[in-house]
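# Structural overview for review
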Amino acid sequence: KLGEIEFPALLGEKTAFDDVDNVQILNWNRDWCMASMQPLAGELDGELWLAFPDRKELELAREEWPGAAYAKATLTTLEDAAEVLSGSS
């Protein structure tokens, strides 16, 4: 079975008057993803893929969320996941 959960968890419009920047929103989305998916990583035993928008977001996720809990999940980028699933690689 193949399932997909899409996010960002923080949707909505940000105005120039909001006291938050785009980097903070990206960080909150990454942290939400990693924390929310942690229970699934062990349960799915290697079948969970977390695909990030680009390589930099992937690197940041690995730096900010180290540990064995995510060793059972595949952390990748959207581009790389698409290549694997399409059979291109």
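Summary of the structure given here. (Residues numbered from 1 in each chain as written. Predicted model: local features only at pLDDT ≥ 70, side-chain atom pairs only at ≥ 80, totals over all residues. Heavy atoms only, no water.)

### With respect to the pairing of strand S2 (residues 74–77)
Stated precisely, the cut-off is as follows: Pairing between strands is defined by DSSP: at least two bridges between the two strands are required. The helix count covers DSSP runs of H or I at least four residues long, the strand count covers runs of E at least two residues long, and both are numbered beginning at the N terminus.
Sheet topology places strand S1 (residues 49–52) next to S2; four bridges connect them, and they run parallel. Pairing of tryptophan 49 across the sheet is with threonine 74, part of S2.

### A look at helix H2 (residues 55–64)
Note the threshold: Burial classes follow relative accessibility: with a 1.4 Å probe on protein chains only, a residue under 20% of its type's maximum area counts as buried, one over 50% as exposed, and anything between as partly exposed. By definition, the arc is the one covered by directions from the helix axis to the C-beta atoms. A contact between two residues is defined here by any heavy atoms of the two lying within 4.5 Å. Polar contact criterion, stated in full: a pair of N or O atoms within 3.5 Å, where within protein one must be able to donate a hydrogen and the other to accept it, and residues adjacent in sequence count only if both atoms are side-chain atoms.
Those residues of H2 that fall on the buried side of the exposure criterion are Glu57, Leu58, Leu60 and Ala61. In a view along the axis of H2, the buried residues occupy a sector of 165 degrees, so they form one face of it. Of the surrounding secondary structure, the elements contacted by the buried residues of H2 are helix H1 (22–43), S1 and S2. The distance from a side-chain oxygen at the start of H2 to the backbone nitrogen of lysine 56 is 3.2 Å, and the residue carrying that oxygen is aspartate 54.

### Some details on the nonpolar core
What counts, and what does not: By nonpolar core is meant a set of buried Ala, Val, Leu, Ile, Met, Phe, Trp, Tyr and Cys residues that side-chain atoms within 4.5 Å join together.
Cys33, Met34, Met37, Ala41, Leu48, Leu50, Phe52, Leu58, Ala61, Tyr70, Ala73 and Leu75 form the largest nonpolar core, which has twelve residues in total. For this core, the elements supplying multiple residues, two or more each, are H1, S1 and H2. The element contributing the most residues to this core is H1, with four residues. Residues contacting leucine 58, with those up to four places away along its chain left out, are Phe52, Leu75, Thr76 and Thr77.

### Points about the environment of tyrosine 70
Position of tyrosine 70 among the secondary structure elements: in the loop between H2 and S2. Under the relative-accessibility criterion, tyrosine 70 is labelled buried at 7%. Sequence spacing of tyrosine 70 and tryptophan 49 is 21 residues, and the spatial spacing of their C-alpha atoms is 10.0 Å. If we ignore the near neighbours within four places in the chain, the residues touching tyrosine 70 are Met34, Ala35, Gln38, Trp65 and Leu75.

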